[in-house]
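This is what each chain is made of:
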Amino acid sequence: MKKLSDERLLELGLNPKLMPAHVAIIMDGNGRWAKKHGALRSIGHRAGVNRLREIIRFSSDAGISALTLYAFSTENWKRPDSELAVLFGLLIEYFNGEIDELDENEVCIRAIGELSAFPDEVRSAVENAEARTRRNKGLKLNIALNYGAQLEILRAVRALCKSAIESGELPTQADFENALYTAGLPELDLLIRTSGEMRLSNYLLYQAAYAELYFTEVLWPDFTKSEYIRAIAEFQRRNRRFGGVE
């Protein structure tokens, strides 16, 4: 992956000084894409995985610091066993098949969520990718797996309650943020959801407090680099006051 120059970003319609540091994406619409194309849902999921390459590559090339992708929610366990098997197989295939290129390009992979619920082969593929890329200094690629924001917050509160009992000191806002899965990452700037749904679906509820939200009708497998650039350009047009005045 070759870093894009300021001149190239300007040619693409992006202001290099206003690039988001942290982007999150709810990758929605694989099933509807499959239905639209008269294909099995498994084909839609594979098309969605294939779309990852272009979006991750551009994020890295454009100098975005962190990209957090909603890959598998705590609610996804409600899906049929046959579909879960397909999703697990694609996760294993992705982490094993893409790791060489990601590592070469200094991408640092981290899973956020409760991995313990996954089959051993899935956990092993994810943990190997994390271990191999842990020291990389490039894009921080966070994959949300068995992730739910409500459980993340509850998990943090429980840890802080235990700490407060032991230390006798009340936790600060910084303590709370350090107890979240996203500790150490830049604040979330832009949250994108594809497929036309306009809700957060239990994703990064705390982190999205002042994130710019971008919803698009485009289904995830059709969310090309051009669509991603359009979302970032819209982010750059927003007036972010964070509760203040101009």
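Just so we're clear, the structure is a prediction, and the values are computed from it rather than from any experiment.

Observations regarding the sheet that holds strand 4 (residues 140-147)
The strands that make up a sheet are held in pairs by hydrogen bonds between backbone atoms, and each pair lies either parallel or antiparallel. The strand order across the open sheet formed by six strands is 3-4-2-1-5-6, and the pairing between neighbours is parallel. The strands lining the two open edges of the sheet, one partner per strand, are strand 3 (108-112) and strand 6 (212-215). Each strand axis lies, on average, 20° off the axis of its neighbour in the sheet, ignoring direction. Looking at chain direction, strand 2 (residues 66-73) and strand 4 are connected through seven bridges and run parallel. Along strand 4, the bridge assignment pairs Phe72 with Leu145. Each of strand 1 (22-26), strand 2, strand 5 (190-193) and strand 6 is contacted by helix 8 (residues 225-237), which is oriented at about 140° to strand 5, the strand it contacts most.

Some thoughts on the nonpolar core
In terms of nonpolar packing, the biggest core is built from 51 residues, with Ile25, Leu67, Phe95, Leu145 and Tyr228 touching the most fellow members. Here Tyr228 is in contact with Val23, Ile25, Ile55, Phe58, Ser59, Ile64, Leu67, Ile192 and Phe223, once residues within four sequence places are set aside. Judged by nonpolar contacts, the second largest core, of 14 residues, contains Ile112, Tyr147, Leu191 and Leu204.

What about unusual backbone geometry?
Non-glycine residue Glu106 carries a positive phi angle of around 65°. Considering the arrangement of structural elements, one finds Glu106 in the loop between helix 4 (81-104) and strand 3. Glu106 sits in the partly exposed class, given a relative accessible area of 35%.

Focus on the side chain of Ser195
In this fold, Ser195 is placed in the loop between strand 5 and strand 6. Classification of Ser195 by relative accessible area gives buried; the value is 6%. There is a polar contact of 2.9 Å between the side chain of Ser195 and the side chain of Asp28. Discounting chain neighbours no more than four positions away, the residues touching Ser195 are Asp28, Gly29, Arg32, Thr216, Glu217, Val218 and Leu219.

Thoughts on the pattern of salt bridges
On inspection of all chains with the given rule, the structure shows 21 salt bridges. Here Arg199 and Glu197 are joined by a salt bridge, their closest N and O atoms 3.0 Å apart. Here Arg238 makes a salt bridge to Glu234, at a shortest N to O gap of 2.9 Å. Put simply, Asp189, Glu212, Glu234, Arg237, Arg238 and Arg240 are held in one network by salt bridges that share partners.

Some words on the packing of helix 3 (residues 41-61) against helix 4
What describes two packed helices is the angle between their axes and the distance between those same axes. Contact geometry of helix 3 with helix 4 gives a least axis separation of 10 Å together with a crossing angle of 25°. The orientation of helix 3 with respect to helix 4, classified from their angle, is roughly parallel. Crossing of helix 3 over helix 4 shows right-handed handedness. Listed contacts from helix 4 to Arg41, Ser42, His45, Arg46, Val49, Leu52, Arg53, Ile56 and Arg57 of helix 3 are Glu83, Val86, Leu87, Leu90, Glu93, Tyr94, Glu98, Glu101 and Leu102.

So, the environment of Glu177
Position of Glu177 among the secondary structure elements: in helix 7 (residues 173-178). Judged by relative accessible area, Glu177 falls into the partly exposed class, the value being 31%. For the pair Glu177 and Tyr206, spaced 29 residues apart in sequence, the C-alpha to C-alpha distance is 8.9 Å. Dropping the residues within four chain positions of it, Glu177 is found in contact with Ala183 and Tyr206.

A word on helix 5 (residues 120-133)
Helix length check: helix 5 (14 residues) gives 20 Å between terminal C-alpha atoms against 20 Å at 1.5 Å per residue, within 8%. Of the positions making up helix 5, those classed as buried are Val122, Ala125, Val126, Ala129, Glu130 and Thr133. For helix 5, the buried positions fall inside an angular range of 130° around the axis, keeping them on one side. With respect to the buried face of helix 5, the exposed residues turned more than 90 degrees away are Asp120 and Glu121. Against the buried residues of helix 5 lie helix 4, strand 3 and strand 4.

Rules of the game
Residues numbered from 1 in each chain as written. Predicted model: local features only at pLDDT ≥ 70, side-chain atom pairs only at ≥ 80, totals over all residues. Heavy atoms only, no water. Pairing = 2+ DSSP bridges. Helix = DSSP H or I, 4+ residues; strand = E, 2+ residues; numbered from the N terminus. Axes fitted to C-alpha atoms, helices over the stretch in contact; angles between N-to-C directions. Contact = heavy atoms within 4.5 Å. Core = buried A, V, L, I, M, F, W, Y, C linked by side-chain atoms within 4.5 Å. Buried < 20%, exposed > 50% of the residue type's maximum accessible area, 1.4 Å probe, protein only. Polar contact = N/O pair within 3.5 Å; in protein donor to acceptor, adjacent residues only side chain to side chain. Salt bridge = Lys/Arg side-chain N within 4 Å of Asp/Glu carboxyl O. Parallel < 35°, antiparallel > 145°, perpendicular 65-115°, else oblique. Left-handed = near helix turned anticlockwise from the far one by under 90°. Expected span 1.5 Å × (residues − 1). Arc of directions from axis to C-beta.

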